[in-house]
Amino acid sequence: MREGTCQFAAMNVVFAVKQYISKMIEDSGPGMKVLLMDKETTGIVSMVYTQSEILQKEVYLFERIDSQNREIMKHLKAICFLRPTKENVDYMIQELRRPKYTIYFIYFSNVISKSDVKSLAEADEQEVVAEVQEFYGDYIAVNPHLFSLNILGCCQGRNWDPAQLSRTTQGLTALLLSLKKCPMIRYQLSSEAAKRLAECVKQVITKEYELFEFRRTEVPPLLLILDRCDDAITPLLNQWTYQAMVHELLGINNNRIDLSRVPGISKDLREVVLSAENDEFYANNMYLNFAEIGSNIKNLMEDFQKKKPKEQQKLESIADMKAFVENYPQFKKMSGTVSKHVTVVGELSRLVSERNLLEVSEVEQELACQNDHSSALQNIKRLLQNPKVTEFDAARLVMLYALHYERHSSNSLPGLMMDLRNKGVSEKYRKLVSAVVEYGGKRVRGSDLFSPKDAVAITKQFLKGLKGVENVYTQHQPFLHETLDHLIKGRLKENLYPYLGPSTLRDRPQDIIVFVIGGATYEEALTVYNLNRTTPGVRIVLGGTTVHNTKSFLEEVLASGLHSRSKESSQVTSRSASRR
């Protein structure tokens, strides 16, 4: 496909990575091929292509460059797709000294140094290398507008872990190259890490200026670098749209979901893949609310039933649907996707009732969106008494309280910490309450997460509340929504989000890349999806060091090591924590 033939190709990360991989395979010409990858590029490829799709392109073997016992197969051409690490260059040198395949097409996922290329050329005594190129697919393309670097724990304290800073700089510059963007850069002033990353990206753009010489657009693209610390609320909330909910309750790892712990799970469903690229049901439902997904699955199954009029079965509950799938093996064949989604949705609804998540989520939303302290406190205390509420959810409610009412005159955190202890919540989770405040409390935030909204916003909130029960669980808008809304309207304050360097953008931005240090979330990805859909002329791509659910976010907080400086006592009052 020529550039520009597809209107949205230019800001679609799945498309960008796919383009690179199909070009690699095409350039090697006809004949049987092996695809030689490393641990990271294996993940990068598997996110955008299934094995069967690649098999159709005459790639019959997938191998890891670091696997020791690969056979010699001189009838195969090798396509090597590797990150340009010292380790991989060394593996490649060993490979070329004793080549196992007939000819090598080598693609590095990022800029490779001249000295490394020279070492490879010296090792290639048998002249088996046809070409060495840089193809910038150096990130995980999750959704067309969402990418990740799969880095958990990027900072130590408030500063970058040097290795992760280097990997993030590479990932972000590769993303820019793959989308053909040379952006102006803005960053969150309250974050030292954001400024540091902005400078590192700028250095690469300056050093590799020839690579970044793209056709100038009327309005230059914009890269906005943010820090997770500014909104620690979003990753702590339960989710009710399909993709976000699956990640929150089951965990998505490179599109794979581990269902092995599901009671009575069949062998073929112990691990399932959810990918919008080749699962139509998922593509159509990933942003819908849980209630809608249940009825959409029911419709699918009823359509199938119409084809089997003899034995009409009522499909009232998720349990009925599961029984139905088991009774019709041909249905399973005809629609593996449906049996997969019935299983996933069945497990989600089991967890929702087992953990009392509707009630929990309603109180979370109240803590995130409203300012009624006494009502919130009563509701948390009530839920902490409920035996169905897990220690994880109990701690999460207290964390949300600690963040929202950190400086409230009637702050009752010590009492809630006692309630957690009495409930038998482990010390690990109790300590995390003060760690989360240390990570994303008032002292750290550059913006006001809980500002009393203006009259218009309050009216909107009120109308939204009238729309019906479902919205009780989805009132919350990530802080990113406000940031992007201001950015699109040209109102994002420069004193909070300065430009790097002297120049500023005169026009409203059109192509925007937002990157969140410390991880983005699927709720934020949904916000970006909706903004892309409803704002003509604006195209936004969101990225993060990782994509969090609550569990991984709390691991991020722990990894930052900030908690070790907070008071050891599990009853630390949040006011003392915020004043230091």
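Residues numbered from 1 in each chain as written. Predicted model: local features only at pLDDT ≥ 70, side-chain atom pairs only at ≥ 80, totals over all residues. Heavy atoms only, no water.

Looking up the chain in an unreviewed UniProt entry gives the name Vacuolar protein sorting-associated protein 45, with the organism given as Pan troglodytes. Under the UniProt heading Sequence similarities (unreviewed entry), the note attached to the chain is "Belongs to the STXBP/unc-18/SEC1 family." (UniProt positions renumbered as here; feature names shortened; annotations may be inferred.)

## Some thoughts on helix H14 (residues 357–369)
For H14, built from 13 residues, the straight-helix expectation of 18 Å at 1.5 Å per residue is met to within 8% by its first-to-last C-alpha distance of 18 Å. Among the residues of H14, those classed as buried are Leu357, Val360, Ser361, Val363, Glu364, Gln365, Glu366, Leu367 and Ala368. On its buried side, H14 packs onto helix H8 (242–249), helix H13 (336–354), helix H15 (373–384) and helix H16 (391–404). (Helix = DSSP H or I, 4+ residues; strand = E, 2+ residues; numbered from the N terminus. Expected span 1.5 Å × (residues − 1). Buried < 20%, exposed > 50% of the residue type's maximum accessible area, 1.4 Å probe, protein only. Contact = heavy atoms within 4.5 Å.)

## Concerning H13
Compared with the 27 Å implied by 1.5 Å per residue over 19 residues, the 27 Å span of H13 between its first and last C-alpha is a close match. Just downstream of H13, asparagine 356 is the residue with a positive phi angle, here 60°.

## Topic: the sheet that holds strand E10 (residues 184–187)
One open sheet holds the six strands; their spatial order is E6-E7-E17-E15-E11-E10, and the pairing between them is mixed. In this open sheet, the two strands that pair with only one neighbour each are strand E6 (140–143) and E10. The average angle at which neighbouring strand axes cross in this sheet is 25°, direction not considered. Two elements, E6 and strand E7 (residues 146–148), share three bridges in a ladder whose sense is antiparallel. From the neighbouring strand, isoleucine 140 faces E7, where its bridge partner is serine 148. Helix-sheet contacts for helix H1 (residues 13–27) involve E6, E7 and strand E17 (539–544), and the interaxial angle to E6 is about 135°. (Pairing = 2+ DSSP bridges. Axes fitted to C-alpha atoms, helices over the stretch in contact; angles between N-to-C directions.)

## Observations regarding the pairing of strand E15 (residues 511–517)
Burial analysis of E15 places seven of its seven residues in the buried class, which makes it a mostly covered element. Here E15 shows no split at all, with Asp511, Ile513, Phe515 and Ile517 on one side and Ile512, Val514 and Val516 on the other all buried. Direction of pairing for strand E11 (residues 222–227) relative to E15: parallel, over a ladder of six bridges. By the bridge assignment for E15, leucine 222 is matched with isoleucine 512. Alignment of E15 against E17, held across six bridges, turns out to be parallel. Bridged to isoleucine 513 within E17 is valine 541.

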